[in-house]
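# What the coordinates show
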Amino acid sequence: MLKTALAILLLTGCATADRSVATDVDPEEWSEAAEIVIPNADTVSRCDLSLFLRYDERFRDDTLTLRIEVRTPDSLCFEEPFLFCANHLRRPSAVHGEAVAGYRRHATFARCGDYRFLVTPTRAVQGIEAVGLHVECE
């Protein structure tokens, strides 16, 4: 009985669905930190994290340097620069652009609770409408 309960607990702990979380930013001039909150209950699975930007026709840069600060549920803090490379693909004019860049591979969220990602451009930028994080777990 105990073995069955332990097996069920382990299987449900690893059943994390892929998810994307985004937050709006000021498209006229994004310069402030955008907070993305990733709730976590799975401390076992390895996850790939991708950062994405949704932009309009005013954003024409090929690269954008971002400052990413991660705050863990147990109040640890880590900050680093991240060079976001944007591919501007041709699309119908009514469709807004979205660029995706890999951020972390095989990351493990070691604690249960909310992980807070604060994403800030190193300079004010126009045309970015939203910034988000896609989490894909094994």
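Presented here is a report on the structure given in the accompanying data block. This is a predicted model, so every value here is computed, not measured.

### Examining the pattern of salt bridges
One pass over the structure, following the stated rule, counts eleven salt bridges. With a shortest N-O distance of 3.0 Å, Arg58 and Glu28 are connected by a salt bridge. One end of the pair, Arg58, is in the loop between strand S3 (47-55) and strand S4 (63-71); the other, Glu28, is in the loop between strand S1 (19-24) and strand S2 (34-40), with 30 residues separating them in the sequence. Judged by relative accessible area, Glu28 falls into the partly exposed class, the value being 48%.

### Digging into the sheet that holds strand S7 (residues 113-121)
As a general point, the strands of a sheet are linked pairwise by backbone hydrogen bonds and lie either parallel or antiparallel. Taken together, the four strands give an open sheet; going across it, the order is S2-S7-S4-S5, and neighbouring strands pair in antiparallel fashion. Pairing within the sheet leaves two strands with one partner each, and these edge strands are S2 and strand S5 (77-85). On average, adjacent strands in this sheet sit at an angle of 25° to one another, irrespective of strand direction. As judged from the nine bridges shared by S4 and S5, these two strands associate in the antiparallel manner. When the sheet's bridge partners are listed, Ile68 is paired in S5 with Glu80.

### A closer look at the side chain of Arg19
Within the element layout of this structure, Arg19 appears in strand S1. As a buried residue without a salt bridge, Arg19 has its nearest oppositely charged side chain in Asp42, at a separation of 7.1 Å. Of note is the side chain of Arg19, whose polar atom sits 3.1 Å from the backbone oxygen of Pro39. The contacts of Arg19, once residues within four sequence positions are left out, are Ile38, Pro39, Asn40, Leu133, His134 and Val135.

About the criteria used
Residues numbered from 1 in each chain as written. Predicted model: local features only at pLDDT ≥ 70, side-chain atom pairs only at ≥ 80, totals over all residues. Heavy atoms only, no water. Salt bridge = Lys/Arg side-chain N within 4 Å of Asp/Glu carboxyl O. Helix = DSSP H or I, 4+ residues; strand = E, 2+ residues; numbered from the N terminus. Buried < 20%, exposed > 50% of the residue type's maximum accessible area, 1.4 Å probe, protein only. Pairing = 2+ DSSP bridges. Axes fitted to C-alpha atoms, helices over the stretch in contact; angles between N-to-C directions. Lys, Arg positive; Asp, Glu negative; His and termini not counted. Polar contact = N/O pair within 3.5 Å; in protein donor to acceptor, adjacent residues only side chain to side chain. Contact = heavy atoms within 4.5 Å.

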